[in-house]
Each structure stands twice: as C-alpha cells, then as structure tokens.
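Now for the letters of each chain:
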Amino acid sequence: MSLSKVINHGGREKRSLSKALLKSFSLVTATAIGCISVATSATAASFSFAFGSFGTGNGQFSNPYGIAVGSGGNIYVADTFNDRVQVFKPNGDFRFAFGSVGSGDGKFNDPYGIAVGSGGNIYVTDSGNNRVQVFDPSGVFLSAFSSSSPYGIAVGSGGNIYVADTFNDRVQVFNPSGVFQSTFGSSSSGNGQFLDPSGIAVDSGGNIYVADRSNARVQVFNPSGVFQFAFGSQGMGNGEFSMPQGIAVGSGGNIYVADTVNNRVQVFRTPEPSSIIGLGILGGGLVVRRLAKRG
C-alpha cells in the first residue's frame, strides 16, 4: 500500500499522507512521524520512559505529530487526529489539554506542528484551517494568522516565526505578531526549491534547516533565506532518505532528521556547532554520520 496519496490543494495536485493511511501507524510502531524540539545533545541515547496510548482520554493520543519542550521542561504535544494540544509535566504526567475540532478561535482541524517561544507562548500549525494559532502558556487563545498549508513551525531567538508552507513549496517568515515578513522557495528540485517541505528548525545563529520531504533531502539557508547547502538523496542507506518529515538541531551541533518511510532517525553533524530553536521529528531507529559542509 502506498504511503502517499494525490490530493488537490488550491487547484494543484500534491502528495500527502492521508488520515486513513496514517492511522495504520500506531505509537508502538515507533514510526518516525511527529515533531520534536531538541534542547541539548548527547553522545549516546538510551531509553528513559514512555507515556500515552491510543485513545481520546487525557494522556491518550490519536496520531500525535508535533511535540515541543518548554524552558521549564513541560512537554507540549499536538494530538493531531484528536484535534487538541496536550500538556505534560517533565515526567510525562498529564497536566491539561486545550482545543477541540472546529474552525473557531482555539479550535483545530488537524494540528500538526507545535513550538514554544522563549516567553512560553505556544504556536500551533492548524493545518486544516490554514492558519497558525498562538496561545499563552496556559493554553488561552491569543491570536491567529493565515498560512495556506502550514505543517512545520519554528520560533527563532528574535521571536520570528518560520512556517513550512508545505503545499505551496515554500517557507514563510512572520514577525512575533504574526505579520508576514518574507518568503523563500519555489516548486522544483533545484537548490533552494522544494517539493512538500514539512519540517523546519532554526539555530541560534538564525540558520534555517528544512526537511524537503519529496526531494528526499535537507536544505540549509542563511537567516535571509539564501541557500547554503543541501544533503541527502532518495534511498535506504546511511545519509539517504525516504520522505523525511521533520528536523531538529541540537546544541552540540547535531542535526536530527526523521527519515519517515525508512522508520528511523538519522543524526548528522553541523559544519559548526549551534543551538536549537525549532522543531523536528522523532521516531524509531538511529543512524549517526558526520557531515562535511557543501558548497
């Protein structure tokens, strides 16, 4: 069974994972789907604990995609098919949830990406409603702004908001108030072009990392959105990808890429160490490879 379907979005045919197909992936398969922000890096990873199960109750999930960790260690999960956000203590104990299905303020239609700003505000890509919603640390709705097909989201150190506008094959940049600032990217496979960009991260230097899903690669841009280099290609080997859906950059200089259809996370080294402010995706498997800067 194919993992992608062809849908019509705004008059254009695009590939997208369907709900029916995604529901075949459960939490226990450890499929590399779902966003995560990485605050620190480590030389090795070992299992610590898990929380959650399938369902609609508190602490249960239905295909959670987005996850972020706030400065106090609280864990924020975009519980995508339950159309809500759940918040947990650092040990995984349930704290509270907010949101329900709908199109009004504070309601969701497939929330995918989530990020937490330095002030504690929560940013959620409300993909089915073509917008980004902003909440205070208690989950109270503050504001919303339009984005035609938002999936991945990151918040930079200066407060700018970076959105992977997936079906329009571009990245949009907004100021902290949600006012559009700039965009970069177009639809194709050349340098600086995208096919279904989904995950995005921004490091402490303002460099922008994009998981260019259907081009099976990662692209890196400077803070002005100018292409710097790319890595990855289609395949199953080390350094190759199959529909990478998200990305994070750790403080030790590691780049974490969710190699979704290959059911693993691959870890690369940045050309220079940097700190994370962004999102990525975490799933099963681990491959470590050093990266030399290109271009």
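Description of the structure in this document.

How each quantity is defined
- Residues numbered from 1 in each chain as written.
- Predicted model: local features only at pLDDT ≥ 70, side-chain atom pairs only at ≥ 80, totals over all residues.
- Heavy atoms only, no water.
- Pairing = 2+ DSSP bridges.
- Helix = DSSP H or I, 4+ residues; strand = E, 2+ residues; numbered from the N terminus.
- Axes fitted to C-alpha atoms, helices over the stretch in contact; angles between N-to-C directions.
- Salt bridge = Lys/Arg side-chain N within 4 Å of Asp/Glu carboxyl O.
- Buried < 20%, exposed > 50% of the residue type's maximum accessible area, 1.4 Å probe, protein only.
- Contact = heavy atoms within 4.5 Å.

### Looking at the sheet that holds strand 13 (residues 161–165)
- Across the sheet, which stays open at both edges, the 4 strands sit in the order 12-13-14-15 with antiparallel pairing between neighbours. Looking at the sheet topology across the chains shown, the edges are occupied by strand 12 (150–155) and strand 15 (180–184). Along the sheet, successive strands turn relative to each other by an average axial angle of 20°, direction set aside.
- Here strand 12 runs beside strand 13; their pairing, made up of 4 bridges, is antiparallel. The residue of strand 13 that forms the bridge with Ala154 is Tyr162.

### A few points about the pattern of salt bridges
- Applying the stated criterion across every chain yields a total of 6 salt bridges.
- In this structure, the salt-bridge partner of Asp79 is Arg84, at a minimum N-O distance of 2.7 Å.
- Classification of Asp79 by relative accessible area gives buried; the value is 0%.
- A relative accessible area of 9% means that Arg84 is categorised as buried.
- The residue Asp126 makes a salt bridge to Arg131 at a minimum N-O spacing of 2.7 Å.
- A relative accessible area of 0% places Asp126 in the buried class.
- We classify Arg131 as buried; its relative accessible area is 10%.

### Describing the pairing of strand 17 (residues 208–212)
- Counting buried residues in strand 17 gives 5 out of 5 residues, a clear majority hidden from the surface.
- Of the two faces of strand 17, the one holding Ile208, Val210 and Asp212 and the one holding Tyr209 and Ala211 are both buried throughout.
- In sequence, strand 16 (residues 197–203) turns back onto strand 17 through a hairpin of 4 residues, with Gly206 there showing a positive phi of about 90°.
- The pairing of strand 17 with strand 18 (residues 217–221) spans 5 bridges and is antiparallel.

### Here we look at the sheet that holds strand 7 (residues 94–98)
- If you trace the 4 strands from one edge of the open sheet to the other, you get 4-5-6-7, paired in antiparallel fashion. Looking at which strands have only one partner, the edges of the open sheet turn out to be strand 4 (64–69) and strand 7. Pairs of neighbouring strands in the sheet enclose a mean axial angle of 20°, with direction left out of account.
- With 5 bridges connecting them, strand 5 (residues 75–79) and strand 6 (residues 84–88) associate as antiparallel partners. Its bridge partner being in strand 6, Asp79 is matched across the sheet by Arg84.

### Comments concerning the environment of Gly237
- You can see Gly237 is positioned in the loop between strand 19 (227–231) and strand 20 (244–249).
- Setting aside residues no more than four positions away along its own chain, Gly237 makes contact with Arg264 and Gln266.

### Some points on unusual backbone geometry
- A positive phi angle, near 55°, is found at Asn63, a position not held by glycine.
- Mapped onto the secondary structure, Asn63 falls in the loop between strand 3 (35–36) and strand 4.
- The class of Asn63 is buried, set by a relative accessible area of 13%.
- Even without glycine at this site, Asn130 takes up a positive phi of about 55°.
- Mapping Asn130 onto the fold places it in the loop between strand 9 (122–126) and strand 10 (131–135).

### A short note on the pairing of strand 10
- Most of strand 10 sits inside the fold, with 5 of its 5 residues counted as buried.
- Neither face of strand 10 is open: one carries Arg131, Gln133 and Phe135, the other Val132 and Val134, and all of them are buried.
- As paired strands, strand 9 and strand 10 are joined by 5 bridges and run antiparallel to one another. Across the sheet, the residue bridging to Thr125 is Val132, located in strand 10.
- In this structure, the hairpin formed by strand 9 and strand 10 is closed by a connection of 4 residues, where Asn130 is found at a positive phi of approximately 55°.
- Pairing between strand 10 and strand 11 (residues 141–146): 5 bridges, direction antiparallel. Bridge pairing links Gln133 to Ala144 in strand 11.
- Here strand 10 hands over to strand 11 after 5 residues, with Gly139 in that stretch at a positive phi of 85°.

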